[in-house]
4 protein chains.
Amino acid sequence: MKKLNWGMVGGGEGSQIGPAHRLGAQADGNFVLAAGALDIDAEKGKAYAQSLGVASDRAYANWQEMLDGESAREDRVDLVTVATPNSTHFEITKAFLEAGFNVLCEKPMTMTVEEGEELVRVTEKSGKVCAVNYCYSAYPMVREMRQMVASGQIGKIRLVVANFSHGHHGDATDADNPRVRWRYDPVMAGVSGQFADCGIHAMHMASFVTGDEVESLSADFASTIPSRELEDDAMVNFRMSGGTVGRLWTSSVAIGRQHGFDIQVFGETGGLRWASEQPNQVYFTPVGGRMQIMEKGESGLSDEASRLSRVAIAHPEGFPLAVANIYVDLAAVIRGQTAGALPLAQDGLRSMAAVYAAVASANNAGEWVDARPPMFQT
Amino acid sequence: MKKLNWGMVGGGEGSQIGPAHRLGAQADGNFVLAAGALDIDAEKGKAYAQSLGVASDRAYANWQEMLDGESAREDRVDLVTVATPNSTHFEITKAFLEAGFNVLCEKPMTMTVEEGEELVRVTEKSGKVCAVNYCYSAYPMVREMRQMVASGQIGKIRLVVANFSHGHHGDATDADNPRVRWRYDPVMAGVSGQFADCGIHAMHMASFVTGDEVESLSADFASTIPSRELEDDAMVNFRMSGGTVGRLWTSSVAIGRQHGFDIQVFGETGGLRWASEQPNQVYFTPVGGRMQIMEKGESGLSDEASRLSRVAIAHPEGFPLAVANIYVDLAAVIRGQTAGALPLAQDGLRSMAAVYAAVASANNAGEWVDARPPMFQT
Amino acid sequence: MKKLNWGMVGGGEGSQIGPAHRLGAQADGNFVLAAGALDIDAEKGKAYAQSLGVASDRAYANWQEMLDGESAREDRVDLVTVATPNSTHFEITKAFLEAGFNVLCEKPMTMTVEEGEELVRVTEKSGKVCAVNYCYSAYPMVREMRQMVASGQIGKIRLVVANFSHGHHGDATDADNPRVRWRYDPVMAGVSGQFADCGIHAMHMASFVTGDEVESLSADFASTIPSRELEDDAMVNFRMSGGTVGRLWTSSVAIGRQHGFDIQVFGETGGLRWASEQPNQVYFTPVGGRMQIMEKGESGLSDEASRLSRVAIAHPEGFPLAVANIYVDLAAVIRGQTAGALPLAQDGLRSMAAVYAAVASANNAGEWVDARPPMFQT
Amino acid sequence: MKKLNWGMVGGGEGSQIGPAHRLGAQADGNFVLAAGALDIDAEKGKAYAQSLGVASDRAYANWQEMLDGESAREDRVDLVTVATPNSTHFEITKAFLEAGFNVLCEKPMTMTVEEGEELVRVTEKSGKVCAVNYCYSAYPMVREMRQMVASGQIGKIRLVVANFSHGHHGDATDADNPRVRWRYDPVMAGVSGQFADCGIHAMHMASFVTGDEVESLSADFASTIPSRELEDDAMVNFRMSGGTVGRLWTSSVAIGRQHGFDIQVFGETGGLRWASEQPNQVYFTPVGGRMQIMEKGESGLSDEASRLSRVAIAHPEGFPLAVANIYVDLAAVIRGQTAGALPLAQDGLRSMAAVYAAVASANNAGEWVDARPPMFQT
């Protein structure tokens, strides 16, 4: 199968996320890095792109040049990944979509709900794909849970409990570390700290697995390290379409938790549990029965799950290949093949609406607020 | 050491809780069952008491007779355990306290806050012990956590997260089972279902381990099985004296969770985690360091913990011996020896106030309410 | 039900095992401590017995006096527990059996195979019970495994793998500690160190769960701390009646393992796993299916398991109540009721034969030797 | 950095191992697939190679053509991966080494000890790298353990216990499945079944982590499914240079174990444990201290470990990236940079010697035999 051409904005030398995307895009041989504007420093970015095998005429000084350059080519890139600082996601993603490119945008897709709604409209008009990198949703066993819920294996969903709590920002003596501090500074991080950073992954997961959307919520935020303006711990209660009750705890001061992202889904006839630190298992309990340990790679899994696993049962697969699975599905979409359930622009928009709703609720003593973007409220 | 005389009200043949108390009281040879009014059916209760070794003149027809009979004896019982239906706890406990007996009352201590305040006053006046059976607090490693927090090993506490969620009432087809149904019926259970039944253990634990009291709370209740009038799932956010943030999730429809009672405590310099299904370990993480697995019986534990363990390291000890530990401490108190941190009448009162506060908050869209009993509000 | 009279030899003040037996015998109200010769120091033993509630005329100076005294009484003890130093087990147990008492003997039952055979003969002649305290076999979920194997739920057994490895003797700088040293000194411990101390529990468990007897074995012993004459680490391969293959590893220098006693049983149609540190679960996997977590207290367990559990599902029960379960079954036997599968004199004998066989094999480069006592070889 | 040219023999369409190597080689952008003889069916192999981006003149009909073709080029491949059926590894690897290519050979490197010795000699003479794909050794936390042992953090090693036991061949009704059967047929698998297939990974790991070589061993083999000529379960006791005691259990009938590959290392001052199903943690216990959970990505890890991790702490990384780590180190070696501890031809040879030794021992009632290849015996 012909490789697809891939371009990247951001993710230059020294970035954490750049290598994850390059591994993800190239691991399965679907994409080849054909173009890039990798760095705010134009020369550095061009040199680095070439060191990664990009031809010199496609190693661009900035995203605008890349947009122009690629638009003019017959062999223009099939997909652009946007991995720049958060505040620039909207502008760049919008520009590439409008020029007819497929885009994978890092999270958060935008900084406001209004921008999110605009991207949904632009995407629709463009006829292109605008995916958002909620990559945890691409773990094989997360896809399996979604499939199990969709096919009714645990009945109507009553309750979903999702956590994303770690302790890596729990050291007050390290709170001025620039790598940490910006996340709690509204000038740089926006309206929310830990909820927007981590909690939103858990909220997306709740929707992704249940197939329900968050409709309203009540939030309790805390800055347990007092110097922080934004919250480092949050609890969000919510209600979903279909009446599902939701609970979501997120924290960055939970010392001892490493990557405490997990989800529990409880339906009328069974329960499911998955945790990101051991992503290759799902714990399934039919009502009145015993807990069963499901394993990635076991026989009888759904196509959604088995298609996204590369090695045999009980050979663990981890986070980088979950990112790769996003690219597997993007390649399928671009090639017009059957793809799985990719997180798309409307998910990015819903997340932003939930962030703003949580902030509004937390600022008003936990009052219940509508968590839907205006365009989806009717 | 001379054995203490022990009497029991309730806990007759076929009761679940009776055997747990008898094992608890007698396991360590501190108490001997000397008197009892074990059953609502007087003849059955007297016969059963005698089958357990109680002399015929101390096998009573009902608690009033027992109160009279024991009050008249020189060798009156040193301790009375009240293990009758919930709605009778207050009356019986009050009567025995007023007559000068020490009492261990099953939980809930009362059905209202007013009754709880009265018991606190009665206890104070009596000079006797009124303990409440929050027995999880008597696990050795729970005592160790309390000691660690008290001695500053994890610094000032920022956050406590406690859960008590199981799935044993998750089967809607079993919801009319009388063993289950009464818990969600206000006529029999009072104002709250799952929160009063299980969640309150988690809330007591949060106070017990941190040494802080719950001051205010906001609750979100749900009856995920619609036929239930009372909640089967609840989330409670709270604030404690000293500013600690609290999160508490309790559920009885979390299918797959067996006895999901656990607590996490996060301070400025470390974190702790304990779970009731594996009660002999505590997970301790110093800030910036590695998680360490602490084991019941390891060298260097506090006296609070080591005193309450009977067998060597890594020989598990379970729930019945946690109940027994309550009796170990009661024996010590009665004998005037050094005892550990027993849950007392004021804890029973605070629990009742928290239950009423949670109900009030849940009924008012999660508004924040004072969770303290009136007598402790000033 | 009338309480049974119980007597104890050994287990005096300060002993570790005495309290475990007293808790075990009295926890369920079956036995009352009626007689005792608790200490090598006669006066101390008599005083301690009386402090535990034994009448002064039944607080004996030594076991011979107790034998005479109890033999002469109408209300003689129904059961004698022998918890003296290892080398005296044989003599005392034999004497009480011959005088018509039921006996529970601590492990090891004897110091030689010949003594073991004699006790089997004496027991048979006496018509009494001679039980040996392989108390791990009395955990409810161990009984459940035995029942599952017996009823064919995992088919014909192919393989059993049992380990009992800890690290509590791994500190060479502590090797001269008298509490540790005697175990590796043939003068005090006999022919074997760690295998006789811990490994033999694992070997008994292998037989207990599978219902097969060990027929032959090959052993590899090591003294990894060179000053030790006896082994502190051993691997034993064995073959059982019915052709089952066995593997057994035991160690006391496995630093980081606390109480690493577990067993895995693999049959034609399924596998089982149990570990003593989490004794309330069994992991069951049907061939071609998923691992299922079985819980003590779940519905549908065998009578063998459910009879020996005191509290509801997922309330953990630990080691002291496993000891208590031995007494539950002894009480049933003595009362002529249905009892479970108690470890008996022939098990004590088979263990001793296996110890001697392992030593012989290890001394001869692992040659395969018959592991059966002579009286069971034909 | 310039990409290296990579060639592959075997691993054609439908092979399991081919994709793992392609992902491994290309994930980090070090290698580009430049040549290949991928299939025994020449036309299929050439077409498939081209579909993967290989130029038509470097898509070869068979390995001999590839050897000739690449030898003649200036831009010849920098590395050849041999992923053909086991019995052909020796011949192909030897030919490429002799022609001056670096080779990564799948395991087993050869079918006999003699062939293994020859490859060691050929490699030495060639001045090239001959690596063998013991890829578990390239997990970051395995490298960390090796480093910890080498730097003395757990003192002199006393004991290593390694298991590789699964249950995927435990279904006798599936024993004639060709995918399973060949492994137990000496015509296809050689002298050993499960030990050569899986156990040898555990034995390599024991040497890799401790830095000691296996010198002698005693084996007990069993064919628990009687139709199997070769063993499906084996226990191997061994002794290593430096006196370390070794224990190794491997099984394919351990129903319920998925990928039960783990290792425990016990030294004078501490113990380590690692398991392949959760490869991102190491459990470290200093003597007399608590078990600590070490995490991939934590600060302070050795360069060996941190160099081979791609994402932040607690983002799991799995098996495919362990294979990729072998390629990371191969790229470093080829570029003359500092590389980690790659498994090399002498490791492949030692493994083959151990397999033959185990078979000889098992055939002779477990007698202890020399496990070293003749060339390393002096």
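Residues numbered from 1 in each chain as written. Chains lettered and ligands numbered in written order. Predicted model: local features only at pLDDT ≥ 70, side-chain atom pairs only at ≥ 80, totals over all residues.

**So, the overall build of chain A**
Rules: Only DSSP runs of H or I with at least four residues qualify as helices, and only runs of E with at least two residues qualify as strands; both kinds are numbered from the N terminus onward. In this treatment the radius of gyration is a C-alpha quantity, and the globule benchmark scales as 2.2 Å times the residue count to the 0.38 power. Exposure in this text rests on C-beta crowding, where 20 or more other C-beta atoms within 10 Å of a residue's own make it buried, 12 or fewer make it exposed, and counts in between make it partly exposed. The C-beta atoms are placed from the backbone.
Secondary structure assignment for chain A yields 12 helices and 14 strands. Its C-alpha atoms give chain A a radius of gyration of 20 Å, near enough to 21 Å, the size a compact globule of 378 residues would have. Overall, the C-alpha framework of chain A stretches about 60 × 50 × 45 Å when taken along its three principal axes. Out of the 378 residues in chain A, the part that is buried amounts to 62%.

**Observations concerning the interface of chain A and chain B**
Applicable threshold: The contact criterion used here is simple: two residues whose C-beta atoms, placed from the backbone, lie within 7 Å are in contact.
Of the residues lining the interface, 37 residues belong to chain A; the matching set on chain B comes to 37 residues. Counting only elements with at least two residues in the side of chain A that touches chain B, the list comes to strand 6 (157-165), strand 7 (214-222), strand 8 (233-240), strand 9 (245-251), strand 10 (260-267), strand 11 (270-275) and strand 12 (281-286) of chain A. The greatest single-element share of the side of chain A that touches chain B, amounting to four residues, is contributed by strand 9 of chain A.

**Here we look at the relation of the copies chain A and chain B**
Formally: Least-squares superposition of the copies uses the C-alpha atoms of those residues scoring a pLDDT of at least 70 in each of them.
Taken as rigid bodies, chain A and chain B are interconverted by a rotation of 180 degrees and an axial shift of 0.0 Å, the fit giving an RMSD of 0.0 Å. Each copy turns onto its partner about a two-fold axis.

**Quick notes on the domain arrangement of chain A**
Residue and element names in this part refer to chain A. Formally: An automatic or database domain assignment is the source of the domain bounds shown. Residues are sorted three ways: Asp, Glu, Lys and Arg are charged, Ala, Val, Leu, Ile, Met, Phe, Trp, Tyr, Cys and Pro are nonpolar, and all the rest, Gly among them, are polar.
Domain parsing of chain A yields domain 1 (4-132) and domain 2 (139-311 + 345-363). Spacing between the C-alpha centres of domain 1 and domain 2 amounts to 27 Å. Tallying the contact residues gives 14 residues for domain 1 and 11 residues for domain 2. No other element matches the six residues that helix 5 (residues 113-126) contributes to the side of domain 1 that touches domain 2. Here the residues of the side of domain 1 that touches domain 2 are counted per class, giving nine nonpolar, four polar and one charged.

**Points about helix 9 (residues 194-210) of chain B**
Quick reminder of the rule: Multiplying 1.5 Å by the helix residue count minus one yields the expected span of that helix.
With 17 residues, helix 9 of chain B extends 23 Å from end C-alpha to end C-alpha; this agrees with the ideal 24 Å at 1.5 Å per step. Where helix 9 of chain B terminates, the next one or two residues include Gly211(B), which has phi positive at roughly 75 degrees.

**So, the interface of chain A and chain D**
Residue-level contacts link 30 residues of chain A with 30 residues of chain D. Secondary-structure elements contributing two or more residues to the side of chain A that touches chain D are helix 1 (17-26) and helix 11 (319-334) of chain A. Examining the composition of the side of chain A that touches chain D, we find that five residues originate from one element, helix 1 of chain A, more than from any other. Looking at the side of chain A that touches chain D residue by residue, the class counts come to 14 nonpolar, nine polar and seven charged.

**Description of the pairing of strand 12 of chain A**
Residues and elements named next belong to chain A. Our working rule: We call two strands paired when DSSP finds no fewer than two bridges between them.
Two elements, strand 11 and strand 12, share four bridges in a ladder whose sense is antiparallel. Bridge pairing links Arg 273 to Tyr 283 in strand 12. Where strand 11 hands over to strand 12, the hairpin turn is made up of five residues, counted between the paired strands. Once strand 12 ends, the chain turns through four residues before running back antiparallel as strand 13 (residues 291-295), passing Gly 288 with a positive phi of about 80 degrees.

**Examining the relation of the copies chain A and chain D**
Rotating chain A by 180 degrees and moving it 0.0 Å along the rotation axis overlays it on chain D with an RMSD of 0.0 Å. In this assembly, 100% of the residues forming the interface of chain A have copies in chain D that are likewise at the interface, indicating an isologous arrangement.

**Things to note about the nonpolar core**
Where we set the bar: Each nonpolar core comprises buried Ala, Val, Leu, Ile, Met, Phe, Trp, Tyr and Cys residues, the members being joined through C-beta atoms within 7 Å.
By size, the foremost hydrophobic cluster in this structure holds 504 residues, and its most contacted members are Ala358(A), Ala358(B), Ala358(C) and Ala358(D). Those residues within four positions of Ala358(C) in sequence are excluded, and the remaining contacts are Ser192(C), Phe195(C), Leu217(C), Ala219(C), Ala234(C) and Val236(C).

**Topic: unusual backbone geometry**
Of the consecutive residues Lys107(C) and Pro108(C), the connecting peptide bond is found in the cis state with omega at 0 degrees. Within the element layout of this structure, Pro108(C) appears in the loop between strand 4 (102-105) and helix 5 (113-126). Backbone geometry places Ala314(A), a non-glycine residue, at a positive phi of 75 degrees. If you check the backbone angles, Ala365(C) has positive phi at about 60 degrees while not being a glycine. Within the secondary structure, Ala365(C) sits in the loop between helix 12 (345-363) and strand 14 (369-370).

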